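Tertiary structure, described
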Amino acid sequence: MTIQQLMRRIGVVLAMLALTFALAACGDDDEAAQPAQTSGEEKSAKLIQSNPDNTAQTVTIGSKNFTEQFILGEIYAQGLQAAGYKVKKQLNLGSELIAFRSVKRGDVDAYPEYTGTALTSFFDVKTDDIPKDEQQAYEQTKAGFAKDGLTALPPTPFTDANAVGMTKARASELGITKISDLAEKAGDLTLSGSPECRQRTDCKLGIERTYGFKFGKYLPVELASRHEVLKKKQADASIVFTTDGQIVAEDLVVLEDDKQLFPPYNVTLVVRDETVKAAGPDMPKVIAQVQEGLTTEVMQELNSRVDIDKEKPEDVAAAYLKESGYIE
Amino acid sequence: MTTTLAFLSEFADGIEFIFSSRESNTGGVQVGGSQLLDLLWEHLKLSGVAVVISCLVAVPLALWLGHIGRGELLATSVANVGRAVPTLAVIAFFIAYLGVGFTNVALALVLLAIPPILTNTYVAVRQVDREVVDAARGMGLSAVQVVRKVELPMALPGIFAGIRTSVVNVVATATIAPLGGVITLGDPIINSSVYGDAGRLGASIVVAVLAVGTELVFAGLQRAVTPRGLKLQSGDAPRRRPFAFPKRRIQTSP
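Conventions we followed
Residues numbered from 1 in each chain as written. Chains lettered and ligands numbered in written order. Predicted model: local features only at pLDDT ≥ 70, side-chain atom pairs only at ≥ 80, totals over all residues. Heavy atoms only, no water. Helix = DSSP H or I, 4+ residues; strand = E, 2+ residues; numbered from the N terminus. Buried < 20%, exposed > 50% of the residue type's maximum accessible area, 1.4 Å probe, protein only. Contact = heavy atoms within 4.5 Å. Domains from an automatic or database assignment. Buried area = accessible area lost by both parts, 1.4 Å probe. Salt bridge = Lys/Arg side-chain N within 4 Å of Asp/Glu carboxyl O. Nonpolar A, V, L, I, M, F, W, Y, C, P; charged D, E, K, R; others polar. Phe/Tyr/Trp six-rings, centres within 6.5 Å; stacked < 30°, edge-to-face > 60°. Axes fitted to C-alpha atoms, helices over the stretch in contact; angles between N-to-C directions. Left-handed = near helix turned anticlockwise from the far one by under 90°. Pairing = 2+ DSSP bridges. Right-handed = clockwise from strand over helix to strand, strands pointing away. Core = buried A, V, L, I, M, F, W, Y, C linked by side-chain atoms within 4.5 Å. Patch = residues over 30% accessible without salt bridge, like charges linked within 9 Å, V, L, I, M, F, W, Y side chains within 5 Å. Areas by Shrake-Rupley, 256 points an atom, 1.4 Å probe, with all protein chains shown as cover. Parallel < 35°, antiparallel > 145°, perpendicular 65-115°, else oblique.

Focus: the overall build of chain B
- In terms of regular secondary structure, chain B is built from 10 helices and two strands.
- Counting from the amino terminus, chain B carries its helices and strands in the arrangement α-β-β-α-α-α-α-α-α-α-α-α.
- Each of the 254 residues in chain B was classed as buried or not, and the buried ones make up 42%.
- Once local pairs closer than 6 in sequence are excluded, the contacts in chain B between residues at least 24 apart make up 71%.

What follows is the structure, given as structure tokens:
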């Protein structure tokens, strides 16, 4: 465990202690002012009820092979299990093309996919042509999947899109909060990102075209090093994903995309049509319920618990479901 | 049959990528054709720097070790360790601890290039006929003169064999440099989302040709630096031409 992680843990413990004292202090005089504390009644309303009709139905949940997908796969799997379904997991399908083939062939019944990824990788939409509106992007994705006998369930609140990240220190030093603020200084700045980002219209190429400035230097690195280059000051800005756990953990800021360049990447659970039919009404209801709380901030936190605190995706998903009152 | 044809058409697409540029798969830029020249230049620059540095380090060291006849364990261990460590791991190590950029990637490639040169040079010097070295000493040559006038020339074929192995290794491995901040010919291979399969295949062909080409050039160099005396010693070597078909004698008279 590094010093930073230790400090973070200590911080969390202190914050919890402080909260306990605060709650104890305000105590019984105003109980209504405690929105964080779910009352018993509310909790049981949120609790996923096990339905005996569902026990005959087996659902195989798949996922691609990175942190966020593991967590989502677990959240969906555990949610469905709570509703009484028999759930099998195949949470390591590799790239999107493999995952797509698996769900088409029926090796898995459902897996979470990003709207932007589906449009560009499966349905040959150029990155420039992806709708910037989240709902529109979802509708288009849904129509695409429908042709393959697949149903795309309504999307998550969070979007795991590209974003320009900087360390808080560097951003405030340069006085930057949104991407267009970079215009005057970009010539002296180094942008980092994956090798392919350099020539993609939803990445560096797009930023420079849409915002009308050029970065002084581009430093391609492998995807895993995208935060490290900021920490080591090898780059002033780096292309990160909006739900990266490192954003909270390493004090990064995401610059506001004020010209709406980056296409949305909300997650939709892609399910085989026959599974939707066989599973009945509980399945879409449970999925909608468990992902309701998955905002970008919550997803960052869940990702950071796995990537930085090295917790298991399984446990992180269970903790999320418990904290939200969906399971006991 | 159809799969063969499909493969051929992909192959043709890859070849076409090398010679003419096209819009990238994701749109917005022209890739292939003349754009590959920039990548090729960066590729050669990186490989060249790495090989030159590793020669400057390894050759003098191995010559000296070979001359004094010590450090056999070192020379062979370095080679074995060097071969056991995968290049990707070395590059990853450098990026993680030193950071990215031209210098760091070049250093990682130097580590890859040193072992074959070191070992080959060492062995080549040790294999110089001891009687020749003794004779040179007997004629009153100093240690430096022995190295310069006897051991080095006689070991040159071996030294170049090592360099040749390293160059081919480095040229082939420089394809992973785009992961460390240097945009080489590996760029189309790594980013198939931008360049498409044609780009991946086309760049692979270029790298393969480049590797085979450097192999041939250095094989020629190796032949050229071999002292004539050594060639004579090994029999008919000077008369044999590379890649020549045996001449068929035409009998003019019965």
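Overview of the domain arrangement of chain A
Residue and element names in this part refer to chain A.
- When cut into domains, chain A gives domain 1 (45-159 + 265-323) and domain 2 (162-254).
- Domain 1 and domain 2 are separated by 29 Å when their C-alpha centres are compared.
- Tallying the contact residues gives 13 residues for domain 1 and 12 residues for domain 2.
- By the criterion of area lost to domain 2, the three top residues of domain 1 are Thr127, Gln300 and Ile308, representing 47% of everything that side buries.

Digging into the interface of chain B and chain A
- Each side of the interface is counted separately: chain B has 26 residues, and chain A has 19 residues.
- Carbon and sulfur atoms make up 52% of the surface buried where chain B meets chain A, a total of about 1,600 Å² over both sides.
- Broken down residue by residue, the surface that chain B buries against chain A is led by B:Thr26, B:Val100 and B:Leu179, which jointly contribute 27%.
- Linking chain B to chain A there are one salt bridge.
- A:Arg198 is the partner of B:Asp187 in a salt bridge, and the nearest nitrogen-oxygen pair spans 2.6 Å.
- At the level of elements, helix H4 (87-97), helix H8 (186-190) and helix H9 (192-225) of chain B are the ones that each hand at least two residues to the side of chain B that touches chain A.
- The class makeup of the residues in the side of chain B that touches chain A is 14 nonpolar, 11 polar and one charged.

As for unusual backbone geometry
Residue and element names in this part refer to chain A.
- One non-glycine residue, lysine 233, adopts positive backbone phi at about 60 degrees.
- With respect to the element layout, lysine 233 can be found in the loop between helix H9 (228-231) and strand S8 (237-241).
- The exposed category is assigned to lysine 233, whose relative accessible area is 74%.
- Unlike most non-glycine residues, lysine 310 shows phi in positive territory, near 55 degrees.
- Along the chain, the position of lysine 310 falls in the loop between helix H13 (296-307) and helix H14 (313-323).
- On the basis of relative accessibility, which here comes to 63%, the residue lysine 310 falls in the exposed class.

What to know about the packing of aromatic side chains
Residues and elements named next belong to chain A.
- Taken as a whole, this structure holds 11 aromatic pairs over all chains when the rule is applied.
- Both rings, one in phenylalanine 122 and one in phenylalanine 123, keep their centres 6.0 Å apart while their planes meet at 75 degrees; by these two values the pair is edge-to-face. With respect to burial, phenylalanine 122 and phenylalanine 123 carry one shared label: buried.
- Site record: aromatic cluster; members linked through ring pairs are Phe100, Phe122, Phe123 and Phe145.

Regarding the packing of helix H2 (residues 35-68) of chain B against helix H7 (residues 143-173) of chain B
All names here are of chain B.
- Relative to each other, H2 and H7 sit at 145 degrees, their axes nearing to 9 Å. In this structure, the crossing between H2 and H7 has a hand that is right-handed. On the side of H2, the interface is formed by His43, Ser47, Ala50, Val51, Cys55, Val59, Leu63 and His67, while H7 contributes Ala143, Val146, Val147, Glu151, Leu152, Ile159, Ile163, Val167, Val170 and Val171.
- Residues that form the contact of H2 with H7 fall into these classes: 14 nonpolar, three polar and one charged.

Re the pairing of strand S1 (residues 58-62) of chain A
All names here are of chain A.
- Most of S1 sits inside the fold, with four of its five residues counted as buried.
- Here S1 runs beside strand S2 (residues 86-90); their pairing, made up of five bridges, is parallel. Each bridged residue has a counterpart across the sheet, and for isoleucine 61 the counterpart in S2 is lysine 89.
- With helix H3 (residues 67-82) bridging S1 and its parallel neighbour S2, the resulting β-α-β unit is right-handed.

Observations concerning H14(A)
All names here are of chain A.
- Among the residues of H14, Pro313, Val316, Ala317, Ala318, Tyr320 and Leu321 are the ones counted as buried.
- Of the surrounding elements, those touching the buried residues of H14 are H3, helix H12 (282-291) and H13.
- Downstream of H14 by a residue or two, glycine 325 has a phi angle that is positive, lying close to 80 degrees.

Here we look at the nonpolar core
- Formed by 52 residues in total, the largest nonpolar core has its most connected members in B:Leu46, B:Leu109, B:Ile163, B:Val170 and B:Leu185.
- Secondary-structure elements contributing two or more residues to this core are helix H1 (2-19), H2, helix H5 (102-126), H7 and H9 of chain B.
- Looking at this core, the element that brings in the most residues is H5(B), giving 12 residues.
- Of all hydrophobic cores here, the second largest spans 38 residues; its members include A:Ala82, A:Tyr265, A:Val267 and A:Val271.

Brief notes about the pattern of salt bridges
All names here are of chain A.
- Per the stated rule, a full pass over the model turns up 24 salt bridges over all chains.
- When the shortest N-O distance is used, the salt bridge between glutamate 250 and lysine 231 registers 3.9 Å. Linking glutamate 250 in the loop between helix H10 (245-249) and strand S9 (252-254) with lysine 231 in helix H9, this pair joins segments that are 19 residues apart in sequence.
- According to the relative accessible area criterion, lysine 231 is partly exposed, its value standing at 47%.
- Connected through shared salt-bridge partners, Arg170, Glu173 and Asp236 make up one network.

Regarding a nonpolar patch on the surface
- The grouping of B:Leu5, B:Phe7, B:Leu8, B:Phe11, B:Ile15 and B:Phe19 at the surface amounts to a nonpolar patch, some 610 Å² of accessible area in total.
- Of note, B:Leu5 is situated in helix H1.

Quick look at helix H5 (residues 115-122) of chain A
Residue and element names in this part refer to chain A.
- Counting buried residues along H5, seven of its eight residues qualify, which places the element largely inside the surrounding structure.
- For H5, the full list of buried residues reads Thr115, Gly116, Thr117, Ala118, Leu119, Thr120 and Phe122.
- Positive phi shows up at aspartate 124, right after H5, with a value of about 55 degrees.

Topic: the packing of H5(A) against helix H6 (residues 134-146) of chain A
Residue and element names in this part refer to chain A.
- In the contact formed by H5 and H6, the axes pass within 9 Å of each other and the chain directions differ by 50 degrees. Judged by the inter-axis angle, H5 sits oblique to H6. The way H5 lies across H6 gives a crossing that is left-handed. Two secondary-structure elements touch here, H5 through Thr115, Ala118, Leu119 and Phe122 and H6 through Ala137, Tyr138, Gln140, Thr141 and Phe145.
- Of the residues in the contact of H5 with H6, the class split is six nonpolar, three polar and no charged.

Quick word on the environment of B:Trp41
All names here are of chain B.
- Summarising the element assignment, tryptophan 41 is placed in helix H2.
- Taking relative accessible area as the criterion, tryptophan 41 reaches 55% and is therefore assigned exposed.
- For the pair tryptophan 41 and threonine 184, spaced 143 residues apart in the sequence, the C-alpha separation amounts to 7.9 Å.

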